[in-house]
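# A closer look at the structure
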Amino acid sequence: MSILTISQINRYVAFRLKEDKAVQSILVRGEISNFVCHTRTGHCYFTLKDSECAVKAVMFRSYADRIKFRPKDGMHIIAAASASLYERDGSFQLYVTDMQEDGIGQQQLALEKLKQKLLEMGVFDTSAKRPIPTHPSKVGVVTSGIGAALQDIINVISRRYPLCELHVFPAQVQGEAAPESIARSIEMAGKYDCDVLIVGRGGGSAEDLSAFNTERVVMAVYNSSVPVISAVGHETDVSLTDGAADLRAPTPSAAAELAVPSIDELKDRLQRETGILDKVFFNSNQQREIQLQRLTEYLRSLSPENKHIMAQSELDLLSKKLADLMDAKLRQSENLFQKELVRLDALSPLKILQRGYSLVYKNNTILRSAEEAVLGDELDVRLASGQLYVKVIGRKDDIDDV
């Protein structure tokens with residue numbers, strides 16, 4: 001007996017399959033699952049299954065571009081294919097050259113039926129959604145105790161918000177026992193006074209995520225006494241649990257970010273609001289000081305002491321004004337008196353005498369005409385300096401005769 005290498009065995013089996021007409025150019029009916037179309041190459045990889053078995057399949061881009069519909073998980077198709085062995089991995093698979101829809105698979109039908117039932121029950125109503133607490137003190141997590149999803153959640157929460165407590169409720173998230181295990185963990189979390197609950201798992205195939213499309217899990221989420229954030233698979237994976245949850249997250253890490261705030265953002269916000277509060281307090285205090293100053297001045301203006309000071313000030317002002325008026329009046333009178341003195345002095349007979357004139361009195365009566373004197377009268381002649389006593393010895397009546 002010869003010894004064969006793995007390559008020889010795989011090459012032989014692949015050759016025998018290619019030579020077997022029974023598995024070449026065949027039509028295969030099955031349900032699509034795990035469908036992936038690579039963006040770069042355009043090749044499509046998926047699984048075809050029935051109720052008992054499954055087989056891997058590949059459809060190269062040159063054939064995939066020809067089909068007139070978009071394949072997706074749960075779709076039942078009839079595929080034109082040839083069976084072969086991928087020698088490198090030793091995996092048996094179908095090479096599909098064409099396909100056509102053959103109706104919706106039984107699993108998809110059951111899922112649509114359950115979805116309609118839950119929809120009629122109001123499980124997906126947005127009015128039933130509860131708000132997620134902004135600053136939770138306890139966060140619960142229902143997921144696999146050994147999965148990467150749990151570690152992602154722990155890392156995010158410990159980094160973003162280390163102030164909260166994290167309670168993990170391990171559950172089986174895959175397999176036949178998964179729905180009951182997930183539901184029990186959700187119900188248990190409700191007894192621990194958690195503020196918010198993250199329910200989910202990491203990515204996987206449609207079969208891997210199927211537990212989150214069961215009525216048992218969906219109703220456990222819907223009836224949870226704690227607000228639930230669902231985090232099932234990747235962003236493109238949408239489950240019935242997502243619809244029943246109060247909030248859906250595209251990934252477990254995103255769920256952790258939605259469950260707790262960022263302590264750094266809270267610090268920044270606290271600093272900003274503290275600055276605003278300080279400014280408001282300063283402005284308010286400044287306004288109060290101005291108002292107090294105004295009221296103090298107003299109160300001071302109403303005090304008896306201030307009124308007395310104001311009255312005294314007004315009295316002093318009036319007294320000064322009266323004194324000024326009296327001084328002005330007195331100066332005016334003095335000026336007028338001086339003018340009258342000057343005028344009187346100008347009219348004084350003495351002033352006339354000083355210019356060389358004299359006054360002649362007869363019996364203390366001024367003579368104004370020579371006719372008033374007779375021969376022999378004794379007259380008094382007053383000069384600017386001194387007096388003369390004269391006797392009339394003659395008279396001339398007409399000054400022109402002089």
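Residues numbered from 1 in each chain as written. Predicted model: local features only at pLDDT ≥ 70, side-chain atom pairs only at ≥ 80, totals over all residues. Heavy atoms only, no water.

### A word on the overall build of the chain
Counting its regular elements, the chain contains 11 helices and 14 strands. Over its C-alpha atoms the chain spans a radius of gyration of 63 Å, topping by over 25% the 21 Å that the globule rule assigns to 402 residues. Along the first, second and third principal axes, the C-alpha atoms of the chain reach 210 × 55 × 50 Å. Residue burial in the chain is summarised as follows: out of 402 residues, 32% are buried. In the chain, the share of contacts with a sequence separation of at least 24, taken over all contacts with a separation of at least 6, comes to 60%. A total of about 27300 Å² of accessible surface is found on the chain, and carbon and sulfur atoms cover 55% of it. Side chains of the chain carry 49 positive and 54 negative charges; the gap between the two charge centres is 2 Å. (Helix = DSSP H or I, 4+ residues; strand = E, 2+ residues; numbered from the N terminus. Rg over C-alpha atoms; globule rule 2.2 N^0.38 Å. Buried < 20%, exposed > 50% of the residue type's maximum accessible area, 1.4 Å probe, protein only. Contact = heavy atoms within 4.5 Å. Areas by Shrake-Rupley, 256 points an atom, 1.4 Å probe, with all protein chains shown as cover. Lys, Arg positive; Asp, Glu negative; His and termini not counted. Charge placed at Lys NZ, Arg CZ, Asp CG, Glu CD.)

### Comments concerning the sheet that holds strand β12 (residues 365–366)
Read across the sheet, 4 strands follow the order β12-β11-β13-β14 without closing on themselves; strand pairing throughout is antiparallel. Each edge of the open sheet carries a strand with a single partner, namely β12 and β14 (387–391). Alignment of strand β13 (residues 378–382) against β14, held across 5 bridges, turns out to be antiparallel. Its bridge partner lying in β14, Val381 is registered against Leu388. (Pairing = 2+ DSSP bridges.)

### Describing the sheet that holds strand β7 (residues 165–170)
Adjacent strands of a sheet pair through backbone hydrogen bonds, lying either parallel or antiparallel. In spatial order, the strands read β7-β6-β8-β9-β10; together these 5 strands make up an open sheet with parallel pairing. Looking along the sheet, the strands with just one partner apiece sit at the ends: β7 and β10 (247–248). Sheet topology places strand β6 (residues 138–143) next to β7; 6 bridges connect them, and they run parallel. Note that in β7 the partner of Val139 across the bridge is Leu166.

### Some words on helix α1 (residues 6–19)
Taking 1.5 Å of rise per residue, the 14 residues of α1 would be expected to cover 20 Å, and the 20 Å separating its terminal C-alpha atoms lies within 8% of that figure. Within α1, the full set of buried residues consists of Asn10, Ala14 and Leu17. Taken around the axis of α1, the buried residues stretch over an arc of 60°, which confines them to a single face. (Expected span 1.5 Å × (residues − 1). Arc of directions from axis to C-beta.)

### Section: the pattern of salt bridges
All told, the structure shown has 14 salt bridges when counted by the stated rule. The residue Asp89 makes a salt bridge to Arg88 at a minimum N-O spacing of 3.1 Å. Among the residues examined, Arg88 registers a relative accessible area of 64% and is labelled exposed. Among the ionic pairs, Arg184 bridges to Glu180, the shortest N-O distance being 3.8 Å. With Arg184 and Glu180 both in helix α5 (residues 178–189) and 4 residues apart, this pair spans about one turn of that helix. Salt bridges linked by common partners bring Glu180, Arg184, Glu187 and Arg216 together as one network. (Salt bridge = Lys/Arg side-chain N within 4 Å of Asp/Glu carboxyl O.)

### Let's talk about the packing of helix α4 (residues 148–160) against helix α8 (residues 252–259)
Relative orientation of the contacting elements α4 and α8 amounts to 30°, with a least axis distance of 8 Å. The angle between α4 and α8 falls in the class roughly parallel. Of the two elements, α4 crosses α8, and the hand of that crossing is right-handed. Only Pro252, Ser253, Ala256 and Glu257 of α8 make contact with α4, whose side of the interface consists of Ala149, Asp152, Ile153, Val156, Ile157, Arg159 and Arg160. Each residue belonging to the contact of α4 with α8 can be placed in one class, and the counts come to 6 nonpolar, 1 polar and 4 charged. (Axes fitted to C-alpha atoms, helices over the stretch in contact; angles between N-to-C directions. Parallel < 35°, antiparallel > 145°, perpendicular 65-115°, else oblique. Left-handed = near helix turned anticlockwise from the far one by under 90°. Nonpolar A, V, L, I, M, F, W, Y, C, P; charged D, E, K, R; others polar.)

### Some thoughts on the environment of Asp327
Within the secondary structure layout, Asp327 lies in helix α10 (residues 304–347). With 277 residues separating them in the primary sequence, Asp327 and Asp50 have C-alpha atoms 130 Å apart.

### Notes on the side chain of Asn10
Positionally, Asn10 belongs in helix α1. On the accessibility criterion, Asn10 (11% relative accessible area) is buried. Once you skip the residues sitting within four places of it in the chain, Asn10 turns out to touch Leu85, Glu87 and Gly90.

### Regarding unusual backbone geometry
One can expect most non-glycine residues to show negative phi and most peptide bonds to be in trans. In the Ramachandran plot, Asp193 falls in the positive-phi region, its phi being about 55° despite a non-glycine side chain. Note on placement: Asp193 falls in the loop between α5 and β8 (196–201). Using a relative accessible area of 60% as the deciding quantity, one classes Asp193 as exposed. Despite not being glycine, Asn363 shows a phi value in the positive range, around 55°. Here Asn363 lies in the loop between β11 (359–362) and β12. Residue class for Asn363 comes out exposed when judged on its relative accessible area of 67%.

### Observations regarding the pairing of β6
Counting buried positions over the 6 residues of β6 gives 5, a clear majority of the element. Of the crossover connections in this fold, the one passing from β6 over α4 to the parallel β7 is right-handed. (Right-handed = clockwise from strand over helix to strand, strands pointing away.)

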